[in-house]
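# Structural features, examined
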Amino acid sequence: MDVQTIRKDFPILGREVNGHPLVYLDNAATSQKPNSVIQKLVDYYQNYNSNVHRGVHTLGTLATEQFEEAREKIRRFIHAKSTKEIIYTRGTTDSLNIVAYGYGRVNLTAGDEIVISPMEHHANLIPWQQVAQVTGAELKYFPMKPDGMLDLDDVRKTITDKTKIVACTEVSNVLGTVNPVKEIAAIAHEKGAIMVVDGAQSTPHMPVDVQDMDADFFAFSGHKMLGPTGIGVLYGRQELLEAMEPVQTGGEMIDEVDFHSATWAELPWKLEAGTPHISGAIGLGAAVDYLENIGMEAINRYETELADAAYEKLKELDGVTVYGPKHRAGLVSFNIDGIHPHDVSTALDADGIAVRAGHHCAQPLMRWLKCESTVRASFYFYNSLDEIETLAKGIKDAKEFFGHVI
Ligand code: PLP
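Residues numbered from 1 in each chain as written. Predicted model: local features only at pLDDT ≥ 70, side-chain atom pairs only at ≥ 80, totals over all residues. Heavy atoms only, no water.

### Observations concerning the nonpolar core
Stated formally: Residues belong to a common nonpolar core when they are buried Ala, Val, Leu, Ile, Met, Phe, Trp, Tyr or Cys residues joined through side-chain atoms within 4.5 Å. Note on classification: 1.4 Å probe, protein chains only; a residue is buried when its accessible area is under 20% of the maximum for its type, exposed when over 50%, partly exposed between these limits. Helix and strand definitions follow DSSP, with helices as H or I runs of at least four residues and strands as E runs of at least two, each counted in order from the N terminus. Contact criterion: two residues are considered in contact whenever any of their non-hydrogen atoms come within 4.5 Å of each other.
F334 and F381 are the most contacted members of the largest nonpolar core, which totals 94 residues. Here this core gets 9 residues from one element, more than from any other, and that element is helix 10 (residues 278-294). Excluding residues that lie within four positions of it along the chain, F334 makes contacts with L314, V320, T321, V322, Y323, V344, T374, V375 and I395.

This is how it looks when you write it as structure tokens:
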């Protein structure tokens, strides 16, 4: 992994913040974009901006070809069987809401169970709370070990014959825990439940094979994997998507419309109402090209190295608590005794270091951790070991500034 060469592809990484070179460690919130993705968007708007699946003019045909070509790239990237299973959405939150309302709300009844983990992002939690409330289903949680890992024996005990939906993140956006979603899916299926996987923090960073993991639904966002904001994907097993009624209607998702009735188009368009985020989808296709060119195995190996280095460095610092297991994906959440996470983040920003402070849209997890918020440094393959040194130095400086003696 030649990080210095890779960094040249990302124009923003060359800028300064507060008089220091930018150290961008907020990749779990959103990633930066390489030139190839930026140029793909410019090319679309400059040369063939047009709506898709509507006109038969040249620009419309070009836009439609690129839009559908991107879908095929995404299919290949996550190893889905068919492009019918790749639904363009606004992002992970949108995708998970579509599953909760389009599948959960229709198929659950009182007495059924939905099982999720305590480390879910609100996007994979609130929709299930809402659906549980309207259907009378019970929302249950897996227990979690003190280091923030799930135990498969506990998983086996929590999923019962009443469980209809299991929904779990593949990677925690706070703890960095990598969950055994394939094993959890197998247990869910033994009990007749479906498995919904939140892939927001895994898809950008590791190889994903939805068939191998045997997910029934899998959700992710383009903007966390070099793509534009506002575009995401819902993968769904074809039989389930076929059986699902659209949550939104209108636009090109129809087959025939009469005064009092309508029939739906085939998958995947049936679930894509209105004008889609055309440039977003095309840009996401370019992002997939970029990631494949480097290779997801290589990206994952390198980021594990970064995460290990950061974990070891921060663990050594007096008065610093690091959350989550030792073996983790590329992020580290921590707190410094007596200093509010927002103050830590502001102090780091003064040194040009961008991290996130807050509850990371995981308030129940914050309760479980017995804190209100944390500071999170999250890495991508364009970060360097030097930047982790800079982070550690920034933390030491912050401690000194706020009156802690190292
Ligand atoms: N799930 C996880 C694990 C996340 O980290 C995020 C975003 O941070 C989401 C879901 C929501 O993603 P989006 O805001 O792109 O819909």
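### Side note on the site of the ligand
Threshold: Whether a residue is near a molecule or strand depends on its heavy atoms: it is near if one of them lies within 4 Å of it. N or O atoms within 3.5 Å of each other form a polar contact, as long as, within protein, one can give a hydrogen and the other can take it, and as long as residues adjacent in sequence are counted only when both atoms are side-chain atoms. The protein chains shown are the only cover counted for residues, whose accessible areas, like all others here, come from Shrake-Rupley with a 1.4 Å probe. Only protein atoms enter the calculation, which uses a 1 Å grid: trapped sets of points that fit a 1.4 Å probe without letting it out are cavities, open sets showing protein on both sides within 12 Å along at least five of seven lines are pockets, and any residue with an atom within 4 Å of a point is a lining residue. Molecule-in-pocket calls rest on the fraction of atoms, with more than half required to lie within 2 Å of the cavity or pocket grid points. Each residue is assigned to one of three groups, with Ala, Val, Leu, Ile, Met, Phe, Trp, Tyr, Cys and Pro labelled nonpolar, Asp, Glu, Lys and Arg labelled charged, and all others, Gly among them, labelled polar.
Near the ligand lie 13 residues; those nearest to it are T93, D198, Q201, S221 and K224. At 3.4 Å, a backbone N or O of T92 approaches an oxygen atom of the ligand. For the ligand, the protein covers 86% of the area, taking 390 Å² as the surface of the free molecule. Of all the cavities here, the one that holds the ligand is the second largest pocket. Tallied by class, the residues present in the shell around the ligand amount to 3 nonpolar, 8 polar and 2 charged.

### What about the environment of F10?
Within the secondary structure, F10 is located in the loop between helix 1 (3-7) and strand 1 (16-17). Those residues in contact with F10, other than ones at most four positions away along the chain, are Q32, K33, P34, L226, Y290, F381 and Y382.

### Looking at empty space enclosed by the protein
This is how the line gets drawn: Grid points are joined across faces, edges and corners, and a volume is the space filled by probe spheres set on the points.
As enumerated under the stated definition, the model contains 1 cavity of 30 Å³ or more in all. Computed from the structure, the largest cavity encloses a volume of approximately 40 Å³. Along the walls of the largest cavity sit A28, V171, Q201, H205, A329, G330, L331, S378 and F379, which together make up its complete lining. For the lining of the largest cavity, the per-class residue count stands at 5 nonpolar, 4 polar and no charged.

### What to know about the packing of helix 2 (residues 35-48) against helix 3 (residues 58-78)
Using the following cut-off: Where helices are involved, their axes are fitted lines through C-alpha atoms of the stretch in contact, as for all axes, and angles between N-to-C directions lie from 0 to 180°. Note on angle classes: values under 35 degrees are labelled roughly parallel, values over 145 roughly antiparallel, values of 65 to 115 roughly perpendicular, and the remainder oblique. Less than a right angle of anticlockwise turn of the near helix away from the far helix marks a crossing as left-handed, whereas a clockwise turn marks it as right-handed.
Taken N-terminus to C-terminus, the directions of helix 2 and helix 3 make an angle of 160°; their axes are 10 Å apart at the nearest point. Classified by the angle between their axes, helix 2 and helix 3 sit roughly antiparallel to one another. In this structure, helix 2 crosses over helix 3, and the sense of that crossing is left-handed. The residues of helix 3 that touch helix 2, namely those facing K40, Y44, N47 and Y48, are L59, L62, A63 and Q66.

### Quick word on the environment of F77
If you trace the backbone, F77 turns up in helix 3. If we ignore the near neighbours within four places in the chain, the residues touching F77 are T203, V208, M225, V288, L291, E292 and M296.

### Re the pairing of strand 17 (residues 374-378)
Convention followed: Any two strands with at least two DSSP-identified bridges between them are counted as paired.
Taking burial as the measure, the 5 residues of strand 17 include 5 buried ones, the bulk of the element. Sheet topology note: the strand 14 (residues 331-336)/strand 17 ladder contains 4 bridges and is antiparallel. Bridge pairing in strand 17 links V332 to A377. Looking at chain direction, strand 16 (residues 356-358) and strand 17 are connected through 3 bridges and run antiparallel. Paired with R356 across the two strands is R376, which belongs to strand 17.

### A word on unusual backbone geometry
Cis geometry marks the peptide bond from L267 to P268, where omega comes out at 0°. Checked against the element boundaries, P268 lands in the loop between strand 12 (262-264) and helix 10. In the Ramachandran plot, N18 falls in the positive-phi region, its phi being about 50° despite a non-glycine side chain.

### Brief notes about the layout of surface pockets
In this structure, the largest pocket spans a volume of roughly 390 Å³. If you go around the largest pocket, you meet 19 residues; those closest to its centre are Y88, T89, D94, Q248 and A273. Mapped onto the lining of the largest pocket, the elements with two or more residues apiece are strand 4 (86-89) and helix 4 (92-107). Sort the elements by how many residues they give to the lining of the largest pocket and helix 4 lands first, with 4 residues. When the residues that make up the lining of the largest pocket are grouped by side-chain class, the tally is 9 nonpolar, 7 polar and 3 charged. Here the residues of the lining of the second largest pocket are counted per class, giving 7 nonpolar, 11 polar and 6 charged.

Keep in mind these numbers describe shape, not what the thing actually does.
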